[in-house]
Amino acid sequence: TGDMITATGGWSEPPTKHVHRYKTSSAYEVVASETPGNDVTMTYNGNIYVTSPDGREKPSKLYLIKPNGERSVVDEGLKFMNGVCLSPDQTQLYATESATHWVWVYQIQADGSLSNKQRYGWLHVRDVDENAWSDGLKCDRDGRIYVTSLSGIQVLDQLGRVNAIIPLPKTKGQASNLCFGGPNFDIMYVSCHDKVFRRKVKVKGI
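Notes on the structure follow. In this text the structure is predicted, and so the values were computed from the model without any measurement.

Definitions and cut-offs
Residues numbered from 1 in each chain as written. Predicted model: local features only at pLDDT ≥ 70, side-chain atom pairs only at ≥ 80, totals over all residues. Heavy atoms only, no water. Core = buried A, V, L, I, M, F, W, Y, C linked by side-chain atoms within 4.5 Å. Buried < 20%, exposed > 50% of the residue type's maximum accessible area, 1.4 Å probe, protein only. Helix = DSSP H or I, 4+ residues; strand = E, 2+ residues; numbered from the N terminus. Contact = heavy atoms within 4.5 Å. Phe/Tyr/Trp six-rings, centres within 6.5 Å; stacked < 30°, edge-to-face > 60°. Lys NZ or Arg CZ within 6 Å of the ring centre and 35° of its normal. Salt bridge = Lys/Arg side-chain N within 4 Å of Asp/Glu carboxyl O.

Re the nonpolar core
(1) Moving on: Ranked by internal contacts, the top residues of the largest apolar core, which has 14 residues, are Tyr49, Leu62, Leu93, Tyr106 and Leu114.
(2) Moving on: Of all elements in the fold, only strand S6 (59–65), strand S7 (71–79), strand S8 (81–86), strand S9 (92–97) and strand S10 (102–108) reach the threshold of two or more residues within this core.
(3) Moving on: Sequence-distant contacts of Tyr106, that is, excluding residues within four places in its chain, are made with Leu62, Asp75, Leu78, Met81, Thr91, Gln92, Leu93, Ala95, Leu114, Ser115, Asn116 and Lys117.
(4) Moving on: Val103, Val105, Tyr120 and Leu156 belong to the second largest nonpolar core, which has 12 residues in total.

Spelled out as structure tokens, the structure:
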């Protein structure tokens, strides 16, 4: 649709916690109020999935918001559920669990609910870290998953195996999120602390 979906007021922020849909840069509507969100993704049919962590120890929630505004919890329990994205055919949903080594996968049902929750990929961890601290993730058109982490951007194949780790320039903080853009969707944009990096790649994002 070209709309932009945002989550305001995450788990550690003051009380304004809404999911917004922007039609233009200045015009928006509240899709769901009182919904503390961290990351969002939207399917072709208008269903929106929102991750809602509550610290490292408390269980996170994953919300489904339907086009009519109906909201429901479709999963809970992961430790700091963070990034969320869809497979190319939108039959699967991936989510990162920042306080562990894992990326999880769900099957999306016709009504938007999720089933067959299972661990998808084990992320590599530096010797100095306890966890990978995964954050945002995206999928390319061949089904590979790109996950931001303390080690860099970890590239997982369709079976969940890490095939490569793309390093980042030395800067403050870690990579927090990424997306594919450009006319051919073959430029990767990565947010990292107070900077955004870009890199031409040989794959195309969805």
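Picking up after the structure, the text goes on.
Brief notes about the packing of aromatic side chains
One pair of aromatic rings is described through two measures. These are the centre distance and the angle between the planes.
(1) Moving on: Under the defined criterion, the tally for this structure stands at 4 aromatic pairs.
(2) Moving on: Centre to centre, the rings of Tyr22 and Tyr28 are 5.1 Å apart; their planes meet at 40 degrees, and the pair counts as tilted.
(3) Moving on: Residue Tyr28 is classed as partly exposed on the basis of its relative accessible area, which comes to 46%.
(4) Moving on: Taking the centre distance of 5.1 Å and the plane angle of 55 degrees together, the rings of Phe80 and Trp133 count as tilted. Note that Phe80 is positioned in the loop between S7 and S8 and Trp133 in the loop between strand S11 (114–122) and strand S12 (137–139), a separation of 53 residues in sequence.
(5) Moving on: What makes Phe80 buried here is its relative accessible area of 6%.
(6) Moving on: Look at Trp133 and you get buried, because its relative accessible area is 17%.
(7) Moving on: Looking at Lys117, its charged tip hangs above the ring of Trp104, at a distance of 5.2 Å from the centre.

Brief notes about the pattern of salt bridges
Working definition: two side chains of opposite charge can pair if their charged atoms are close together.
(1) Moving on: A full pass over the atoms with the stated rule returns 10 salt bridges.
(2) Moving on: For Arg21, the salt bridge goes to Asp3, with nearest N and O atoms at 3.7 Å. Of this pair, Arg21 sits in strand S2 (residues 18–22) while Asp3 is found in the segment before strand S1 (4–8), placing the two residues 18 residues apart along the sequence. Of the two residues examined, Arg21 and Asp3, each falls in the buried class.
(3) Moving on: In this structure, Asp142 and Arg144 form a salt bridge, with 3.0 Å as the shortest nitrogen-oxygen distance.
(4) Moving on: Of the residues examined, Asp142 reaches a relative accessible area of 47% and is grouped as partly exposed.

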